[in-house]
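Residue strings, one per chain:
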Amino acid sequence: MGFKKTTKASADQPEPSKLIRSQFKDVMVKVEDDVYYLDRLPLALKSGHFKKLFAEGESDLIEIPRMDSKTFSAAVDIMYGETLKSVMVGNTINNFVSLLTVMDYLQMDTDTETYKSFVTEELDSSRPFNKDIFKLYNFIVDGPGI
């Protein structure tokens, strides 16, 4: 992972000095009770949402309401170069749908072929057939309007 996360941020925890933060990480993102120390560059390159915030001169602390921290962390992993397959290890199809929702909110560029491949592997796996996976595959292949 290319980022540092602290959990359970509280008022009694001292904020890292601006000098140290500017040398290594230049933005903090708060999701639920977690604070992520991140770099603006990969966020702006991979997310239209962050690119817009940074262009508007958003502060050093960005709070994202109503988002699951674990799912946000997976999206950040992808923005930092992790593959979808490595991020989804040990996760369920519901986690995948949540990840797609977060990625949509963050306006992340998506590689449809990667998602089709991931869902196809889920369909071809030895697990019992799951009609939700089939619906998700059709959604990715055909798009939402069909």
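A quick note: this is a predicted structure, and the numbers were derived from the prediction, not measured.

Within the chain, the regular secondary structure consists of eight helices and four strands. Listed N to C, the secondary structure of the chain is β-α-β-β-α-α-β-α-α-α-α-α in terms of helices and strands. Relative to its 146 residues, the chain shows a buried fraction of 36%. A separation of at least 24 residues holds for 61% of the contacts in the chain among residues at least 6 apart in sequence. Surface summary for the chain: the accessible area is close to 9,100 Å², and the carbon and sulfur share equals 54%.

Attention shifts here to the confidence of the model for the chain. Reading fine detail from the predicted coordinates is not recommended where pLDDT is low. Per-residue pLDDT for the chain has a mean of 76; in total, 66% of the residues score no lower than 70. Within the model, pLDDT remains below 50 along residues 7–12, and this stretch shows eight contacts once partners closer than five positions in the same chain are excluded.

Per the stated rule, a full pass over the model turns up one salt bridge. The closest approach of N and O atoms between Arg40 and Asp60, which form a salt bridge, is 3.1 Å. Taken as a pair, Arg40 in helix α2 (residues 40–46) and Asp60 in the loop between α3 (48–55) and β4 (61–64) lie far apart in primary sequence, 20 residues in all. Here Arg40 falls in the buried class, since its relative accessible area comes to 19%.

The rules we used
- Residues numbered from 1 in each chain as written.
- Predicted model: local features only at pLDDT ≥ 70, side-chain atom pairs only at ≥ 80, totals over all residues.
- Heavy atoms only, no water.
- Helix = DSSP H or I, 4+ residues; strand = E, 2+ residues; numbered from the N terminus.
- Buried < 20%, exposed > 50% of the residue type's maximum accessible area, 1.4 Å probe, protein only.
- Contact = heavy atoms within 4.5 Å.
- Areas by Shrake-Rupley, 256 points an atom, 1.4 Å probe, with all protein chains shown as cover.
- pLDDT = per-residue confidence, 0-100.
- Salt bridge = Lys/Arg side-chain N within 4 Å of Asp/Glu carboxyl O.

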